[in-house]
Amino acid sequence: MRGRFITIEGTEGVGKTTNIEYIKQWLDTNHISFVSTREPGGTPLAEEIRELLLANREEKVCSKAELLMMFAGRAQHIDQVIEPQLAAGNWVLCDRFTDATYAYQGAGREMGNELIASLETMVHASMRPDLTLVLDVPVELGLERAGKRSEPDRFELEKTDFFNRVRNAYLSMAEQNPQRYKIIDASKTLEFVQQQIAYTLNNFLTTDHNG
Ligand code: Z5A
């Protein structure tokens, strides 16, 4: 049986990295074999593209170049990791996927959805995540949390307006497809956030996952 594809999304500092560790424990507890991966990145080549994308540089990166690099890395990641793992029956847990492109490039960079949809079709046809957890916090709180952690990368230097467009895009995608997207209120304590995640995953396992 094909594995399940779970993605985790949200704006800066919402707690994806922190909660992925919790989801990995949940998968282990449920004896589900899985790989944990991320975008941009996930293979040696795609990780090199990630470095190019995140580096602060004097040259302005044009939005189309950024978009194409996202999808170049994604094509490699799907070919080398995501698709073979799902086909082998393993679950794939991915920190960000194409929804991030709709949110950051489509809404954040104001590129719109049309170009992204055509690249999405080219790169992964009708393949979509089975479940997407959208960790949601007010932008200011996420930036405050992220700011305590490390030097800002090229994306983290964006203004609050940019991240509000990103956040609204995630909320709008979730509203349009509540079957796949589950919004987690990540502004609460970590304990409460993880209770919400466990509830969502347990539901997914018993209702959506027929294996
Ligand atoms: N990007 C894009 O533009 N287009 C695309 O298609 C894709 C990506 C795929 C890199 O992503 C960048 O790529 C990203 C979007 C763009 N933009 N940026 N920046 P990334 O996922 O690698 O990086 P990130 O979004 O910056 O993630 P992050 O900053 O690592 O945040 P996080 O993983 O969501 O948060 P965290 O490290 O788990 O938590 C942040 C801090 O908050 C940390 O100190 C935690 O201990 C604390 N925390 C977490 N949860 C809580 C709670 N509940 N209470 C209190 N404190 C908490």
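Placed above this text is the structure.
All of these numbers come straight from a predicted model, not from anything done at the bench.

Colleague: Can you walk me through the side chain of glutamate 66 in this structure?
Modeller: You can see glutamate 66 is positioned in helix H3 (residues 63-87). You can call glutamate 66 buried: its relative accessible area is 0%. Aside from chain neighbours lying at most four places away, what touches glutamate 66 is Leu53, Val61, Gln105, Arg109, Arg154 and Phe155.

Colleague: I keep staring at the packing of H3 against helix H5 (residues 114-124) and nothing clicks. Help me out?
Modeller: The angle between the axes and the distance between the axes are what describe a pair of packed helices. Interaxial distance between H3 and H5 falls to 10 Å at its minimum, and their mutual angle equals 20°. Our classification of the angle between H3 and H5 gives roughly parallel. The crossing of H3 and H5 is right-handed. Of the residues in H5, those touching H3 at Lys64, Leu67, Leu68, Phe71, Arg74, Ala75 and Ile78 are Leu115, Ile116, Leu119, Glu120, Val123 and His124. Of the residues assigned to the contact of H3 with H5, the class counts are nine nonpolar, one polar and three charged.

Colleague: How should I be thinking about the site of the ligand in this particular structure?
Modeller: In the region of the ligand, 29 residues are neighbours, and Glu12, Thr17, Thr18, Arg50 and Arg96 sit closest. At a separation of 3.5 Å, a nitrogen atom of the ligand approaches a polar backbone atom of leucine 190. Contact with the protein chains removes 84% of the 1100 Å² of surface that the ligand exposes when unbound. Put simply, the parts of the chain that give the shell around the ligand at least two residues each are helix H1 (16-29), helix H2 (44-54), H3, helix H4 (98-108) and helix H8 (190-208). If one sorts the elements of the shell around the ligand by residue count, H4 sits on top with four residues.

Colleague: Help me understand the nonpolar core, please; the structure alone is not making it clear to me.
Modeller: Nonpolar side chains tend to gather and get buried jointly when the protein is soluble and globular. Within the largest apolar cluster, 33 residues are counted, with the highest numbers of intra-cluster contacts made by Phe5, Ile82, Ala103, Tyr104 and Tyr170. Those elements giving two or more residues to this core turn out to be H2, H3, strand E3 (91-95), H4, H5 and helix H7 (160-176). When residues of this core are assigned to their parent elements, the largest contribution, seven residues, is made by H7. The residues contacting tyrosine 104, other than those within four sequence positions of it, are Gly10, Thr11, Glu12, Arg96, Arg109, Phe155, Phe162, Phe163, Val166 and Tyr170.

Colleague: Looking at this structure, I do not really get the pattern of salt bridges. What am I missing?
Modeller: Charged atoms that come close allow side chains of opposite charge to pair. Scanning all chains against the criterion turns up 15 salt bridges. The closest approach of N and O atoms between lysine 16 and aspartate 95, which form a salt bridge, is 2.9 Å. A residue pair is termed long-range when its members are at least 10 positions apart, and lysine 16 in helix H1 and aspartate 95 in strand E3 qualify at 79 residues. Where arginine 154 meets glutamate 66, a salt bridge forms, and the shortest distance between an N and an O atom there is 2.9 Å. Of this pair, arginine 154 sits in the loop between helix H6 (139-147) and H7 while glutamate 66 sits in helix H3; the two residues are 88 residues apart in sequence, bridging distant segments of the chain. With respect to class, arginine 154 is no different from glutamate 66; both count as buried. Residues joined in a network through salt bridges with shared partners are Glu66, Arg109, Arg154 and Glu158.

Colleague: Where do I start with H1 in this structure?
Modeller: Here H1 spans 20 Å end to end across 14 residues, near enough to the 20 Å set by a 1.5 Å rise per residue. Those residues of H1 lying buried are Lys16, Asn19, Ile20, Ile23, Trp26 and Leu27. Mapping the buried residues of H1 onto a view down its axis gives an arc of 115°, with all of them on the same face. Seen from the buried face of H1, the exposed residues on the opposite side, beyond 90 degrees, are Thr17, Gln25 and Thr29.

About the cut-offs
- Residues numbered from 1 in each chain as written.
- Predicted model: local features only at pLDDT ≥ 70, side-chain atom pairs only at ≥ 80, totals over all residues.
- Heavy atoms only, no water.
- Helix = DSSP H or I, 4+ residues; strand = E, 2+ residues; numbered from the N terminus.
- Buried < 20%, exposed > 50% of the residue type's maximum accessible area, 1.4 Å probe, protein only.
- Contact = heavy atoms within 4.5 Å.
- Axes fitted to C-alpha atoms, helices over the stretch in contact; angles between N-to-C directions.
- Parallel < 35°, antiparallel > 145°, perpendicular 65-115°, else oblique.
- Left-handed = near helix turned anticlockwise from the far one by under 90°.
- Nonpolar A, V, L, I, M, F, W, Y, C, P; charged D, E, K, R; others polar.
- Near = heavy atom within 4 Å.
- Polar contact = N/O pair within 3.5 Å; in protein donor to acceptor, adjacent residues only side chain to side chain.
- Areas by Shrake-Rupley, 256 points an atom, 1.4 Å probe, with all protein chains shown as cover.
- Core = buried A, V, L, I, M, F, W, Y, C linked by side-chain atoms within 4.5 Å.
- Salt bridge = Lys/Arg side-chain N within 4 Å of Asp/Glu carboxyl O.
- Expected span 1.5 Å × (residues − 1).
- Arc of directions from axis to C-beta.

Without other data, these values stay purely geometric and don't point to any function.
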